[in-house]
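One-letter residues, chain by chain:
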There are 2 protein chains.
Amino acid sequence: MYEGAVQELIDELGRLPGIGPKSAQRIAFHILEADPADMQQLVQAITNVKERVKFCSICGNVSEEETCNICRDPRRDPTEICVVEESKDVVAIERTRSFRGRYHVLGGAINPIGGVGPNQLRMRELLTRLTDSQVQEIIIATDPNLEGEATATYVARLLKDFDIKVTRLASGLPVGGDLEYADEVTLGRAFEGRRQLS
Amino acid sequence: MYEGAVQELIDELGRLPGIGPKSAQRIAFHILEADPADMQQLVQAITNVKERVKFCSICGNVSEEETCNICRDPRRDPTEICVVEESKDVVAIERTRSFRGRYHVLGGAINPIGGVGPNQLRMRELLTRLTDSQVQEIIIATDPNLEGEATATYVARLLKDFDIKVTRLASGLPVGGDLEYADEVTLGRAFEGRRQLS
């Protein structure tokens, strides 16, 4: 509907995740009318990410160096590795400040329908890390959904011949939530995982 | 929370309209993991829009030439001008295929709280266009909200000394809608604007 460049920009924006045709149009007009210096910054930010950001050669987290901040940090406990699907999950866990070990980012979850098998994930890299034998516990923190559970099961089976404790994050009622509105599966898990108070 | 370039990109994306922190993060990771050639296309699309797209010197619509497609098209009726707020509105009206005249894009609506007065809009350019005296009708198609109505009233008053018919798009029940769910103002307008059938 628009002349060349505007329509091309709307099309390109529409390919980004979560951006529908209306948002794409709105953002395109924002870009069109914005200060050229601001838009130069946006372009630069995209270019920088593509040029500078790599994945940590140890854990697979995003990093601008060969290894990421966390893997380079000598204060992080090398005996615990938390296995997550994505770099976003590392940030979410870091925000809790309740984990001082290291991470391993798989790069996704097992999803046969989406064509993602264990070989597309960083499983071999995880096994390689275990050969240094400092590791005492692997905490599996994949998402609590079908793909995440399948991945957790796969990782646990992969590690069963190692003399390493393998744990999984607890499922249960979200804090601040309302029992009445919890779904059956979550409530069932909360029962299974109940803890003795006294 | 992220290392340099990734966080910078999230911040830049978060400045775009309708993109919250979660979407910005999601899009940033998409950009990070996407094919570099695709991202080069996105960057190029942004750059092209900033470099190539201007505003038509006659009507104010977006254009890659000095004047836009519609103003250059000799088949478009020069006796009717439809006044709209934004280029997006031109596209919406073009999609109906019910108007074959020309447009005038004001570049917004009068909004005293937002600091937009008539002088920030392309009012003077509209008056200039009327001096060629081919124009017989001005159709005011600003949004049917407070700012749009104020703008319509302003334009109508501006044109009252010209020998030109000034009309406003009808307000009323949206086609396919349900009378029961129409708001009072819309239903009131539908009464006022009722048409005789026989």
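None of the values given here were measured: they were computed from a predicted structure.

## Regarding the interface of chain A and chain B
Where interface size is given, it is often the accessible area lost as the parts come together that is meant. With 50 residues of chain A at the contact, the number on the chain B side is 50 residues. Note on chain A versus chain B: buried area summed over both sides is about 4600 Å², and carbon and sulfur give 70% of it. Area buried by chain A at its contact with chain B is led by Glu3, Ile46 and Lys50 of chain A, which between them contribute 14% of it. For the interface between chain A and chain B, the tally reads zero salt bridges. Here chain A is connected to chain B by eight residue pairs in polar contact (both at pLDDT 80 or more). Those elements that place two or more of their residues in the side of chain A that touches chain B are helix H1 (4-14), helix H2 (21-33), helix H3 (36-52), strand S2 (62-63) and helix H5 (87-96) of chain A. If you tally residues by element for the side of chain A that touches chain B, the top one is H3 of chain A, at twelve residues. Partitioning the side of chain A that touches chain B into residue classes produces 26 nonpolar, ten polar and 14 charged.

## With respect to the UniProt feature "zinc finger region: C4-type" (unreviewed entry) in chain A
The residues that UniProt annotates with the feature "zinc finger region: C4-type" (unreviewed entry) are residues 56-71 of chain A. Taken end to end, residues 56-71 of chain A is 19% helix and 12% strand, and its first and last C-alpha atoms sit 8 Å apart.

## Section: the confidence of the model for chain A
Averaged over chain A, the pLDDT score is 91; the fraction of residues at 70 or greater is 100%. Both scores are given for the predicted complex: the pTM is 0.77, the ipTM 0.77.

## Things to note about the UniProt feature "domain: Toprim" (unreviewed entry) in chain A
Here, the residues flagged by UniProt with the feature "domain: Toprim" (unreviewed entry) are residues 79-174 of chain A. With 32% helix and 18% strand, the stretch residues 79-174 of chain A has end C-alpha atoms that lie 28 Å from each other.

## Concerning the relation of the copies chain A and chain B
Structural alignment of chain A on chain B gives an RMSD of 0.1 Å, achieved by rotating through 180° and translating 0.0 Å along the axis. What the rotation and shift describe, once combined, is the action of a two-fold rotation axis. Residue valine 43 of chain A of chain A places its C-alpha closer to the rotation axis than any other residue of that unit, at 2.9 Å.

## What about empty space enclosed by the protein?
Remark: the empty space left among the atoms is shown by a probe the size of a water molecule rolled over them. On inspection of all chains with the given rule, the structure shows one cavity of 30 Å³ or more. By volume, the largest cavity is sized at about 70 Å³. Lining the largest cavity are 14 residues, and of these Leu13 and Leu16 of chain A together with Leu13, Leu16 and Leu42 of chain B lie nearest its centre. When contributions to the lining of the largest cavity are tallied by element, the ones reaching two or more residues are H2 and H3 of chain A together with helix H2 (21-33) and helix H3 (36-52) of chain B. Residue composition of the lining of the largest cavity, by class: 14 nonpolar, no polar and no charged.

## Re the state of the cysteines
Here the structure, examined in full by the defined rule, presents zero disulfides over all chains. The structure places no disulfide on cysteine 56 of chain A, whose sulfur is separated from the nearest cysteine sulfur, that of cysteine 59 of chain A, by 3.8 Å.

Each value, and the rule that gives it
- Residues numbered from 1 in each chain as written.
- Chains lettered and ligands numbered in written order.
- Predicted model: local features only at pLDDT ≥ 70, side-chain atom pairs only at ≥ 80, totals over all residues.
- Heavy atoms only, no water.
- Contact = heavy atoms within 4.5 Å.
- Buried area = accessible area lost by both parts, 1.4 Å probe.
- Salt bridge = Lys/Arg side-chain N within 4 Å of Asp/Glu carboxyl O.
- Polar contact = N/O pair within 3.5 Å; in protein donor to acceptor, adjacent residues only side chain to side chain.
- Helix = DSSP H or I, 4+ residues; strand = E, 2+ residues; numbered from the N terminus.
- Nonpolar A, V, L, I, M, F, W, Y, C, P; charged D, E, K, R; others polar.
- UniProt positions renumbered as here; feature names shortened; annotations may be inferred.
- pLDDT = per-residue confidence, 0-100.
- Least-squares fit on C-alpha atoms with pLDDT ≥ 70 in both.
- 1 Å grid on protein atoms, 1.4 Å probe; cavity = no way out; pocket = protein on both sides within 12 Å on 5 of 7 lines; lining within 4 Å.
- Points joined across faces, edges and corners; volume = space filled by probe spheres on them.
- Disulfide = S-S within 2.5 Å.

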